[in-house]
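The residues making up each chain are set out below.
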Amino acid sequence: MRLRRLGERQLEVSELALGTWGLSGEGYAPVSDADQDRVIERALALGITLFDTADSYAHGAMEQRLGRLVPDDERHHVFTKIGTFRGASPARKRFDAVYLRHAIARSQERLRRSVTSCVLLHNPSAETLERGEATNVLEELKSKGQIRLWGVSASSAHVARAALLLGADVVSLPYNAFHSGELHAVHSELRDAGAGVLAHSVLAYGMLCGKWSSDKEFGPDDHRAERWTIDEFRRRIRQLDALRPAVSGNVLTMRAVALRYVLGNTLVSSALLGPRSSVQLDQLVREAGREPPYMTDDVRFALEARLRDVGVSV
């Protein structure tokens, strides 16, 4: 497993990371405790050193599992997200100082760490960041050595830009062949800030694997049942044709094309994978490739031209 520098910070992380939302059983079908353990243990065996989670995943149970299984040393890092208050129904966002201090302390207990590698605010608004209350708490805890780095997990360039202006060390953004615009929009700001970049949703929730028909149906407990309208879903399935010509040589699947597209961007510090079994994890790691070039410039340029032709903004 290759390592990459987290921006200009004094931290190296595996270029593939284990994301744990799907593994927690939320958003998709449940995953047994034994299978959850197997995936994490397999990730460690494969050399993955970065694990992404949130205090809200399975009401903190995923943090507890990672705290038990992931070594607390200089090589391995657990990045956790805070700001989702599940004590209310429905859950709501909270980024006030009192809540954040309490949430971070509880998170450190579950992770069995006195120092958290990185705390990310979980989908805050730009207005929340600009008020300064949340970021001041994180800066204070960083100055005291309780957290090493802080940042945001965001869905838009607008939020990412606000965080960078306030000194964020790390930004996590959706980035894949169908959704590259947010990262591209803040490319220069990320470079100038020397911030680490995590790419999430790298397979577009499975869409980019190219295994679904246009009449695919998802179960009632699967978040994807509500993610796309019928027309949007069918349009995306048609747009997958833009990726198919890139399947050639040692790039054997659409999934490999999608992963290598992300890893081919040198701005990305780590790509978050979301396997729900150790078999899926092995497939993802194998198909991502062992070393650069993950995708040559001519292949990337041709792919992006085809994407534009079918209506995808890149």
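Above: the structure in question.
Residues numbered from 1 in each chain as written. Predicted model: local features only at pLDDT ≥ 70, side-chain atom pairs only at ≥ 80, totals over all residues. Heavy atoms only, no water.

Asker: Would you explain the nonpolar core in this entry?
Answerer: Nonpolar side chains in soluble globular proteins generally cluster together in the buried interior. Counting 91 residues, the largest nonpolar core has Phe51, Leu121, Leu190, Met207 and Leu243 as its most contacted members. At eight residues, the largest contribution of residues to this core is made by helix H10 (residues 254-263). With near-sequence residues (within four places) excluded, Leu121 lies in contact with Ile82, Phe95, Leu100, Leu129, Ala134, Thr135, Leu138, Gly151, Val152 and Ser153. With twelve residues, the next largest nonpolar core counts Leu6, Cys118, Val170 and Leu198 among its residues. (Core = buried A, V, L, I, M, F, W, Y, C linked by side-chain atoms within 4.5 Å. Buried < 20%, exposed > 50% of the residue type's maximum accessible area, 1.4 Å probe, protein only. Helix = DSSP H or I, 4+ residues; strand = E, 2+ residues; numbered from the N terminus. Contact = heavy atoms within 4.5 Å.)

Asker: I keep staring at the packing of helix H1 (residues 33-45) against helix H2 (residues 61-69) and nothing clicks. Help me out?
Answerer: Two measures define how a pair of helices packs: the angle their axes make with one another and the distance between the axes. Direction vectors running N to C along H1 and H2 enclose 50 degrees, while the axes themselves pass 11 Å from each other. When the axes of H1 and H2 are compared, the pair comes out oblique. The hand of the H1/H2 crossing is right-handed. Contacts between H1 and H2 involve Asp33, Gln36, Asp37, Ile40, Glu41 and Leu44 from the former and Met62, Arg65, Leu66, Arg68 and Leu69 from the latter. For the contact of H1 with H2, the per-class residue count stands at five nonpolar, one polar and five charged. (Axes fitted to C-alpha atoms, helices over the stretch in contact; angles between N-to-C directions. Parallel < 35°, antiparallel > 145°, perpendicular 65-115°, else oblique. Left-handed = near helix turned anticlockwise from the far one by under 90°. Nonpolar A, V, L, I, M, F, W, Y, C, P; charged D, E, K, R; others polar.)

Asker: Got a minute to help me understand the layout of surface pockets in this structure?
Answerer: To find leftover empty space, a probe the size of one water molecule is rolled over the atoms. Here the second largest pocket is characterised by a volume of approximately 340 Å³. Forming the boundary of the second largest pocket are 24 residues, of which Arg4, Arg191, Thr266, Leu267 and Val268 lie nearest the centre. For the lining of the second largest pocket, the secondary structure elements donating two or more residues are strand E1 (3-5), helix H8 (187-193) and helix H12 (297-309). Of the residues contributing to the lining of the second largest pocket, the split by class is eleven nonpolar, five polar and eight charged. (1 Å grid on protein atoms, 1.4 Å probe; cavity = no way out; pocket = protein on both sides within 12 Å on 5 of 7 lines; lining within 4 Å. Points joined across faces, edges and corners; volume = space filled by probe spheres on them.)

Asker: I'm lost on the packing of aromatic side chains in this one. Help?
Answerer: Here the distance between the centres and the angle between the planes together describe a pair of aromatic rings. Under the defined criterion, the tally for this structure stands at nine aromatic pairs. Taking the centre distance of 5.8 Å and the plane angle of 25 degrees together, the rings of Tyr175 and Tyr261 count as stacked. Note that Tyr175 is positioned in the loop between strand E10 (170-174) and helix H7 (181-185) and Tyr261 in helix H10, a separation of 86 residues in sequence. Ring geometry for Phe218 against Trp228: centres 6.3 Å apart, planes inclined by 40 degrees, an arrangement best described as tilted. Here the residue Phe218 occupies a position in the loop between strand E11 (196-200) and helix H9 (230-239), and Trp228 occupies one in the loop between E11 and H9, the gap between them amounting to ten residues. Both residues of the pair, Phe218 and Trp228, count as buried. Among the aromatic residues, ring-to-ring pairing joins Trp212, Phe218, Trp228 and Phe233 into one connected group. (Phe/Tyr/Trp six-rings, centres within 6.5 Å; stacked < 30°, edge-to-face > 60°.)

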